[in-house]
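A closer look at the structure
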Amino acid sequence: MKKQMICFLFLSLFIASSYAQLKQNFYQKTCPNVESIVKAAVTKKFQQTFVTVPGTLRLFFHDCFVRGCDASVLLANANAEKDHPDDISLAGDGFDTVIKAKAALDSNPSCRNQVSCADILALATRDVIVLSGGPSYSVELGRRDGRISTKASVQNNLPHPDFKLDQLNTMFAKHGLSQTDMIALSGAHTLGFSHCSKFSSRIYSKSGIDPTLNRQYALQLRQMCPVNVDPRIAINMDPTTPQTFDNAYFKNLQQGKGLFVSDQILFTDNRSRPTVNQFASSNTAFNQAFVAAITKLGRVGVLTGNQGEIRRDCTLAN
């Protein structure tokens, strides 16, 4: 037991020391305009397609939950994270946002190969949140890029649409994230879309419509997702303001309009309902909690110093 405690303390100190090396002005001497260059590239991509927003946000989350925030999800190889079934639906526009921002930085002589792809993704995530009406916040920088990306590392490391509260809390707690952090980060489902297969069991089952799902909403979903629907068809996660980062997600949960089981459980479970009600009644409370949570998420498993590298190409290890 004593040995386990020492190992846990060592791990905690290692994690803390890694993210302690992150700082907002990390590139002040090497690439002082990093934030404005990335923002301009992200804004240009956003003007081309709104999918830039949910695509980039989801990419950041999936990256950080597997091997930490090291841009390993961007790597392309014969056995890459991005090819795992849980990652296969990641939008190409998310990847393209990072690649375009990297190209913009590399076109600046002082910034070429100075900024990690992991930091570019973290900055781009903040920028898409702001572009869709969400809160701005300072991004800690100094991450290095990982060299390893495997399908196996994704297995059982990402939350599934059918998760209940205990499963969600257990998975988020592994990364030092609390229940409040988990609920706040779930609020990102105010943006983006899902394919019908991810929630079809809630509207088509032998026992009928999931009783925790608003019946009128369920019938609308059946119209949009008929049996044998084209698997490419996607439905907005937030039926009210799908292109605005706001607290409508939580108001929807109060009405039984959470698309996934893992969404609606946040309201139906008495342990998490008070937080949902708080965020539904105050957009400010939600924004503050979200900023705190995504800042903590950005520290998960980071590589710093000589633990990783700065990739010359975000899709290939050096």
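Before reading on, note that the structure itself is shown above.
A brief structural summary. It should be emphasised that the depicted structure is a prediction, and the values quoted were computed from it without experimental measurement. Sequence order as written defines the numbering, with residues in each chain counted from 1. Whole-chain, interface and lining totals are the exception, using all residues; otherwise, since this is a predicted model, local features are given only for residues with pLDDT of at least 70 and side-chain atom pairs are given and counted only at 80 or more. Based on all heavy atoms of the structure, the side-chain values leave hydrogens and waters out of the count.

Thoughts on the side chain of Asp127
Every helix listed is a DSSP run of H or I at least four residues long, and every strand listed is a run of E at least two residues long, numbered separately from the N terminus. Counting through the fold element by element, Asp127 comes out in helix H5 (residues 117-131). Burial classes: relative accessible area under 20% of the type maximum marks a residue as buried, over 50% as exposed, and values in between as partly exposed (1.4 Å probe, protein chains only). Overall, the relative accessible area of 7% leaves Asp127 in the buried class. Of the polar contacts made by the side chain of Asp127, one reaches the side chain of Arg126; its length is 2.9 Å. Residues count as neighbours in contact if any of their non-hydrogen atoms are within 4.5 Å of one another. Contact partners of Asp127, with chain neighbours within four places excluded, come to Val38, Lys39 and Val42. Under this definition, polar contacts are N or O atom pairs within 3.5 Å; protein pairs additionally need one hydrogen-donor-capable and one acceptor-capable atom, and for neighbouring residues in sequence, both atoms have to be side-chain atoms.

Some thoughts on the nonpolar core
Only buried residues count toward a nonpolar core. Its members are Ala, Val, Leu, Ile, Met, Phe, Trp, Tyr and Cys residues joined through side-chain atoms within 4.5 Å. One finds Leu74, Leu105, Phe250, Leu266, Ile294 and Leu297 to be the most contacted residues of the largest nonpolar core, which totals 75 residues. Excluding its chain neighbours within four sequence positions, the residues that come into contact with Leu297 are Phe60, Phe61, Cys64, Phe65, Cys69, Leu177 and Leu185. Listed in part, the 13 residues of the second largest apolar core include Phe199, Tyr217, Ala218 and Met237.

A look at the layout of surface pockets
Here the idea is plain: a probe the size of a water molecule rolls over the atoms and shows the empty space left. Within this scheme a cavity is a closed region of a 1 Å grid, computed over the protein atoms alone, that accommodates a 1.4 Å probe without allowing it to escape, whereas a pocket is open but has protein on both sides within 12 Å along at least five of seven lines; lining residues each have an atom within 4 Å of a point. Grid points are joined across faces, edges and corners, and a volume is the space filled by probe spheres set on the points. Taken as a whole, the largest pocket holds about 850 Å³ of empty space. In terms of lining, the largest pocket is formed by 34 residues, of which the most central are Arg58, Phe61, His62, His189 and Phe260. Among the elements of the structure, helix H3 (52-65), helix H6 (165-173), helix H7 (179-186), strand E1 (193-195), helix H11 (261-268) and helix H13 (283-297) are those that each provide at least two residues to the lining of the largest pocket. Per-element tally for the lining of the largest pocket: the top contributor is H3, with 6 residues. Tallied by class, the residues present in the lining of the largest pocket amount to 20 nonpolar, 10 polar and 4 charged. Amino acids outside the nonpolar list (Ala, Val, Leu, Ile, Met, Phe, Trp, Tyr, Cys, Pro) and the charged list (Asp, Glu, Lys, Arg) are all regarded as polar, and Gly is one of them.

Honestly, that's just the spatial picture; any functional story needs more than this.
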